[in-house]
Protein chains: 2
Amino acid sequence: MTNNKDVTIYDIAEKLNLSTSTVSRALKNHSSISKKTTKKVNDAAKEMGYTPNTLASSLRSNKTKTIGVLISRINRPFMASLISGIEETAQKAGYNVIITQSHDSYQDEVDMAQALYNSRVSGIICSLAMETTKTDHFQQFIDKGIPLVFVDRVPKEFNTYRVMIDNYSAAFKATKHLIEQGCTRIAHIAGLKFRNIYNERERGYRDALKQYNLEVDEDLIVHVKTMSYEEGEKATNKLLDLETPPDGIFSSNDTTAVAAIQVAKNRGLKIPEDIAVIGFNNDPISHIIDPGLSTISHPAFEMGKTCSKKILKHLKRSKIDSITEITFLNTEVIVRGSSKRK
Amino acid sequence: MTNNKDVTIYDIAEKLNLSTSTVSRALKNHSSISKKTTKKVNDAAKEMGYTPNTLASSLRSNKTKTIGVLISRINRPFMASLISGIEETAQKAGYNVIITQSHDSYQDEVDMAQALYNSRVSGIICSLAMETTKTDHFQQFIDKGIPLVFVDRVPKEFNTYRVMIDNYSAAFKATKHLIEQGCTRIAHIAGLKFRNIYNERERGYRDALKQYNLEVDEDLIVHVKTMSYEEGEKATNKLLDLETPPDGIFSSNDTTAVAAIQVAKNRGLKIPEDIAVIGFNNDPISHIIDPGLSTISHPAFEMGKTCSKKILKHLKRSKIDSITEITFLNTEVIVRGSSKRK
DNA sequence: AGTTTTTACGCAACCGATTGCTTAAATATA
DNA sequence: TATATTTAAGCAATCGGTTGCGTAAAAACT
């Protein structure tokens, strides 16, 4: 059973005693085909159950109507929303989305970039793996004129589209908020420094302290690698074990911030009275935990939409040249119980 | 800038004075090509920067090394993990994954199924949209011999692969657990009845009550449409406003269960003393909320892996016939603070 | 040396749609 | 009526690999 042969334009052509060129043109409403023939062809196509073979037309045109996505992991709230935004916009424009994961591994990222290249994607959207420091594997897309958008975790230098938030000022705002709530000894659970976004957040944190004449105590800055819950617990314990523990924590993501809250609560501290906490991302957990986690809104879905739009717009251009363009999306401080002292 | 022509096997053939057939075979280590030539070809390919054109070979073989995924929404923890599992297994086997979303709309699901069909995916994995009741749009895959796997939200009748959990017995276990903790008036926040999995869960709930000689009170069963947080709040308020409110709630997902906890807490009820709650899915939020939410583990990632494996295995078969096979994955009751009375 | 077998490679069709160029027929113009 | 123009459609090459079949050369065998 099964395995019916697909109906092709050859079948339609044969049935109607036409050439394949005429059928092809009729199906696309080309002006050089008479209305009568066009109708006849379209009717036959429908009746015979014709479905265009995307592969064949892609091969011919060397265009695929497919956008490749290369991210660390799908199953994180931020990434899932990002993809959702990418997919929704692409879908509306008739584009497919291919998803690949690097699992934060450099080698996987290189392999997947190659696989996407071989699939002849029309464009590629990438958020770098934690490990990645070199970006040579993306040069081939530029050389080929394939639009490349880096999102969120973007490389410092690369002449292409970048869609991101202003991490520096977001972190500045977060830290400033804690200061305004009366914190004077604010710790920072930071990400790896060579990863741009975390470095920027750390910079914003430091500058906010300086601007308000607070001392920057290196003991209060803990760098963690993967920003997991467990690492958040460890970092928080380390901070609370200090001789003079902090009275506020600004964490580079919500997962570690939630860990901080749990640890502090378990150690009998009151939040936000004894220690105020603010995270980053506005993950769903942030309004589930008690007290609610103050955080920075990170417009994931919106970013995804923007990425797709950049690609689609680029593909419509006639001039083929490389483009450098950085788009910043807005963030804001979301104040919940974990930091609200006044 | 840009638009370098790709290197093809023709370029390699010309450079080495060989035919394209020889080059093609050499690149695949075909036995009929001498080792010397094979090496020469592979060296030249590497040197010239050859990348195979997947489209061309797909067109010829009518196989794409691509698995299509059609789900309601990506940005939900269960779905994100499911996709992650699908993608990881597919990736290892050299397959790409195309993601599409139905947004729980029947029409979108039909359109996306068609788009995936046109893309000539090698297999398709689908979790039905909430709205979907007819499944005619999937028949074309069966007719064509393309493996189709339904996962989680599966149709009642369809001769194909299905990967799911035993919703009936999971719900039975959840309800039984509440009974064992001393609950005697257990409510159920249920999903739409025509969606199989929710119906099964409701059945398990009812049967558990009966088995333990507890009355099934229709007032205690609230059906909600999309299982959102807001709907969970509404449902809980309705239940707690009853003349004789429940002392336990079994909710068909974690989102509504968390909503139930929050509402109950806000109304001054103690959990689990006044009212015990158990959810379904084991979403990340379940161990973040206070008290921790008891729930049913739903092996999303594992399910994803299983789906991909079914497809890959099917594609390796030589006999081409349709297959009906239902795979049940294990679930267990995860007991946390929200229901632990003893 | 003559015959059979094996090895290594090439020829050409094919997958399905697209498109520049050509041409036959229909219509308009002189 | 003869010629110019427009309309409608077909021919054949093309995109880049793949593969069944054929064959010359080398190796093995009598």
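Just so you know, the residues in each chain are numbered from 1, in the order the chain's sequence is written. Chain labels run from A onward and ligand labels from 1 onward, assigned in the order the entries are written. Where local features are concerned, this predicted model is filtered to residues with pLDDT of at least 70; where side-chain atom pairs are given and counted, the filter is 80 or more; whole-chain, interface and lining totals use all residues. Only heavy atoms go into the side-chain values, all of them from the structure, while hydrogens and water stay out.

Enquirer: Got a minute to help me understand helix α10 (residues 229-240) of chain A in this structure?
Expert: The α-helix winds at 3.6 residues per turn, so residues separated by three or four positions along the chain end up facing the same way. Its 12 residues place the ends of α10(A) 16 Å apart at the C-alpha level, agreeing with the 16 Å of an ideal helix rising 1.5 Å per residue. Structurally, α10(A) contributes buried residues whose contacts are with β6 (186-190), β7 (221-223), β8 (248-251) and α11 (254-266) of chain A. Segments assigned H or I by DSSP are reported as helices when at least four residues long, segments assigned E as strands when at least two residues long, and all are numbered from the N terminus. Helix span, expected: 1.5 Å multiplied by one less than the number of residues in the helix. The contact criterion used throughout is that any non-hydrogen atoms of two residues lie within 4.5 Å.

Enquirer: Even after reading the chapter, I still don't get the packing of aromatic side chains, so can you show me in this structure?
Expert: Two measures describe an aromatic ring pair: the distance that separates the ring centres and the angle between the ring planes. Pairing of aromatic rings covers Phe, Tyr and Trp, the last through its six-membered ring, and needs centres within 6.5 Å; plane angles under 30 degrees mean stacked, over 60 mean edge-to-face, and all others mean tilted. Taken as a whole, this structure holds 10 aromatic pairs over all chains when the rule is applied. Aromatic pair B:Tyr117 and B:Phe141: ring centres 5.6 Å apart, planes at 75 degrees, arrangement edge-to-face. Separated by 24 residues along the polypeptide, B:Tyr117 in helix α6 (residues 106-118) and B:Phe141 in helix α7 (residues 139-144) bring together distant segments of the chain. Look at B:Phe138 and B:Phe150: their rings are 5.1 Å apart centre to centre, the planes differ by 85 degrees, and that puts the pair in the edge-to-face class. Of this pair, B:Phe138 sits in the loop between β3 (123-126) and α7 while B:Phe150 sits in strand β4 (residues 148-151), placing them 12 residues apart in sequence. On the basis of relative accessibility, which here comes to 0%, the residue B:Phe138 falls in the buried class. Aromatic ring contacts, followed pair by pair, group A:Phe138, A:Phe150 and A:Phe158 into a single cluster. Note on criteria: charge over ring means Lys NZ or Arg CZ within 6 Å of the ring centre, with the direction from the centre no more than 35 degrees off the ring normal. Geometry around B:Phe280 places B:Arg201 over its ring, the cationic atom sitting 3.7 Å from the centre. Using a 1.4 Å probe on the protein chains alone, a residue whose accessible area is under 20% of its type maximum counts as buried, one over 50% counts as exposed, and one in between counts as partly exposed.

Enquirer: I would appreciate a short explanation of the packing of helix α10 (residues 229-240) of chain B against helix α11 (residues 254-266) of chain B in the present structure.
Expert: The description of two packed helices rests on the angle between their axes and on the distance between the axes. Residue and element names in this part refer to chain B. An axis is simply a line fitted to the C-alpha atoms; with a helix, the fit covers only the stretch in contact. Between two such axes, the angle follows the N-to-C directions and lies from 0 to 180 degrees. The N-to-C vectors of α10 and α11 enclose an angle of 50 degrees; their axes lie 8 Å apart at closest approach. The orientation of α10 with respect to α11, classified from their angle, is oblique. As α10 runs across α11, the sense of the crossing is right-handed. The residues of α11 that touch α10, namely those facing Tyr229, Gly232, Glu233, Thr236, Asn237 and Leu240, are Thr255, Thr256, Val258, Ala259, Ala260, Gln262, Val263 and Ala264. Polarity classes work like this: nonpolar for Ala, Val, Leu, Ile, Met, Phe, Trp, Tyr, Cys and Pro, charged for Asp, Glu, Lys and Arg, and polar for all others, with Gly in that last group. Partitioned by chemical class, the residues of the contact of α10 with α11 number seven nonpolar, six polar and one charged. In what follows, roughly perpendicular refers to angles from 65 to 115 degrees, roughly parallel to angles under 35, roughly antiparallel to angles over 145, and oblique to any angle outside these ranges. Two helices that cross are described as forming a left-handed crossing if the nearer one is turned anticlockwise from the farther one by less than a right angle, and a right-handed crossing if clockwise.

Enquirer: Any chance you could explain the sheet that holds strand β9 (residues 276-278) of chain B here in plain terms?
Expert: Within a sheet, adjacent strands bond to each other through the backbone by hydrogen bonds, running parallel or antiparallel. Residues and elements named next belong to chain B. One bridge is not enough; two strands pair if DSSP finds at least two bridges between them. In space, the four strands of this open sheet follow the order β7-β6-β8-β9, with parallel pairing throughout. Strands at the two margins of the open sheet, each flanked by one partner only, are β7 (221-223) and β9. Between one strand axis and the next, the sheet turns through 15 degrees on average, direction left out of account. As paired strands, strand β6 (residues 186-190) and β7 are joined by three bridges and run parallel to one another. Its bridge partner being in β7, Ala190 is matched across the sheet by His223. Along the sheet face, helix α8 (residues 167-180) touches β6, β8 (248-251) and β9 and points at about 165 degrees away from the line of β8. The sheet contacts of α10 involve β6, β7 and β8, and relative to β6 the element is tilted by about 150 degrees.

Enquirer: What should I look at first to understand the sheet that holds β3(B) in this one?
Expert: Within the open sheet, the 12 strands sit side by side as β11(A)-β5(A)-β4(A)-β3(A)-β1(A)-β2(A)-β2(B)-β1(B)-β3(B)-β4(B)-β5(B)-β11(B). Their pairing is mixed. The sheet terminates laterally at β11 (325-329) of chain A together with β11 (325-329) of chain B, the two strands that pair on one side only. Adjacent strand axes in the sheet meet at a mean angle of 20 degrees when their direction is disregarded. Where strand β5 (residues 161-165) of chain B and β11(B) come together, five bridges link them in parallel fashion. Across the sheet, residue B:Ile165 finds its bridge partner in β11(B), namely B:Leu329.

Enquirer: Where do I start with the protein's contact with DNA strand C in this structure?
Expert: Each residue is tested against the molecule or strand, and it is near if at least one of its non-hydrogen atoms lies within 4 Å. Close to DNA strand C lie 26 residues, the nearest being A:Ile9, A:Arg25, A:Arg60, B:Thr22 and B:Thr37. By atom count, sugar and phosphate contribute 53% of the portion of DNA strand C lying within 4 Å of the protein. In the analysis that follows, any N or O atom pair within 3.5 Å is treated as a polar contact, provided that within protein one partner can donate a hydrogen and the other can accept it, and provided that, for residues neighboring in sequence, both atoms belong to side chains. Taking A:Lys28, its side chain carries an N or O atom lying 3.5 Å from a phosphate oxygen of DNA strand C. Contact between DNA strand C and A:Ala56: a base nitrogen at 3.2 Å from a main-chain N or O atom of the residue. At the level of elements, α1 (9-16), α2 (20-27) and α4 (54-61) of chain A together with α2 (20-27) and α4 (54-61) of chain B are the ones that each hand at least two residues to the surface near DNA strand C. Residue classes in the surface near DNA strand C are distributed as eight nonpolar, 12 polar and six charged.

Enquirer: Sorry if this is basic, but what is going on with unusual backbone geometry here?
Expert: One can expect most non-glycine residues to show negative phi and most peptide bonds to be in trans. Here the residue pair B:Ile271 and B:Pro272 is connected by a cis peptide bond, since its omega of 10 degrees sits within 30 degrees of zero. Following the sequence through the fold, B:Pro272 ends up in the loop between α11 and β9. Across the junction of B:Asp290 and B:Pro291, the peptide omega takes the value -5 degrees, indicating a cis bond. Mapped onto the elements of the fold, B:Pro291 is located in the loop between β9 and β10 (295-296). Here A:His103, not a glycine, exhibits a phi torsion of approximately 50 degrees, which is positive. As for its placement among the helices and strands, A:His103 is situated in the loop between β2 (96-101) and α6 (106-118). The exposure class assigned to A:His103 is buried, which follows from its relative accessible area of 18%. Positioned with a positive phi, B:Lys65 is a non-glycine residue whose angle comes to about 55 degrees. Inspection of the secondary structure assignment puts B:Lys65 in the loop between α4 and β1 (66-71). Residue B:Lys65 is classed as partly exposed on the basis of its relative accessible area of 43%.

Enquirer: Mind showing me how you'd approach the interface of chain A and chain B here?
Expert: Think of interface size as the accessible area that goes away when the parts come together; that is how it is often given. The partner chain B presents 53 residues to the 54 residues of chain A that form the contact. Here chain A meets chain B over a buried area of about 4800 Å², counting both sides, of which 54% is carbon and sulfur. Of all residues in chain A, A:Leu55, A:Arg120 and A:Ile288 bury the most surface against chain B, accounting for 14% of the area lost on that side. Should a side-chain nitrogen of Lys or Arg be within 4 Å of a carboxyl oxygen of Asp or Glu, the pair is scored as a salt bridge. Linking chain A with chain B are four salt bridges, by the criterion used here. Residues A:Lys144 and B:Asp6 are paired through a salt bridge, measuring 3.0 Å at the closest nitrogen-oxygen approach. Between chain A and chain B we count 22 residue pairs in polar contact (both at pLDDT 80 or more) in total. Of all elements in the fold, only α4, α5 (77-92), β2, α6, α7 (139-144) and α11 of chain A reach the threshold of two or more residues within the side of chain A that touches chain B. It is α5(A) that contributes the most residues to the side of chain A that touches chain B, seven residues altogether. Taken together, the residues of the side of chain A that touches chain B break down into 20 nonpolar, 24 polar and 10 charged. Where β2(A) and strand β2 (residues 96-101) of chain B come together, three bridges link them in antiparallel fashion. Residue pairing for β2(B): A:Ile99 is matched across the bridge by B:Val97. Accessible-area loss on putting two parts together, using a 1.4 Å probe and summing over both, is the definition of buried area adopted here.

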